[in-house]
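# Structural overview
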Amino acid sequence: MSPKSPEGDGTRNTPEAPSSARPSLHRKDNEVWVEKDDGTAAFRNDAGFYRRAGLADAASGVSFESYSGADRYPRHYDYLLYTQPADTTLARADATFYAE
């Protein structure tokens, strides 16, 4: 069970596996990398995201707010992921994801 976010409107998703386990999404210098957990608290902080209603489509989409970079969301462009503020219509659309 994931703990509730401080605001109580999302859940925090963090890797809980040891460093030898599967890779996780990890925020590093506002870029999103796929890396194995190195066992540090810093890694766990940078790999944590709150699940939020989609910024561009709250009914169907989902967005993920960075735990260690408040108000920063994974946003795709140029085939890469970055954590950035979602402060424009385009940024909110880029930070909204859909399950297929």
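Up top is the structure.
Analysis parameters
- Residues numbered from 1 in each chain as written.
- Predicted model: local features only at pLDDT ≥ 70, side-chain atom pairs only at ≥ 80, totals over all residues.
- Heavy atoms only, no water.
- Phe/Tyr/Trp six-rings, centres within 6.5 Å; stacked < 30°, edge-to-face > 60°.
- Helix = DSSP H or I, 4+ residues; strand = E, 2+ residues; numbered from the N terminus.
- Buried < 20%, exposed > 50% of the residue type's maximum accessible area, 1.4 Å probe, protein only.
- Lys NZ or Arg CZ within 6 Å of the ring centre and 35° of its normal.

## Considering the packing of aromatic side chains
Evaluation of the coordinates by the stated rule reveals two aromatic pairs. Between Tyr 50 and Tyr 67, the aromatic rings sit 5.5 Å apart at their centres with planes inclined by 65 degrees, giving edge-to-face as the arrangement. One end of the pair, Tyr 50, is in strand β4 (residues 49-53); the other, Tyr 67, is in the loop between β5 (62-66) and β6 (73-77), and 17 residues separate them in sequence. With relative accessibility at 7%, the residue Tyr 50 sits in the buried group. Seen in terms of ring centroids, Tyr 77 and Tyr 82 are 4.7 Å apart; in terms of plane orientation they differ by 20 degrees. Their pairing is stacked. Sitting over the ring of Trp 33, Lys 28 keeps its end group 4.5 Å from the ring centre.

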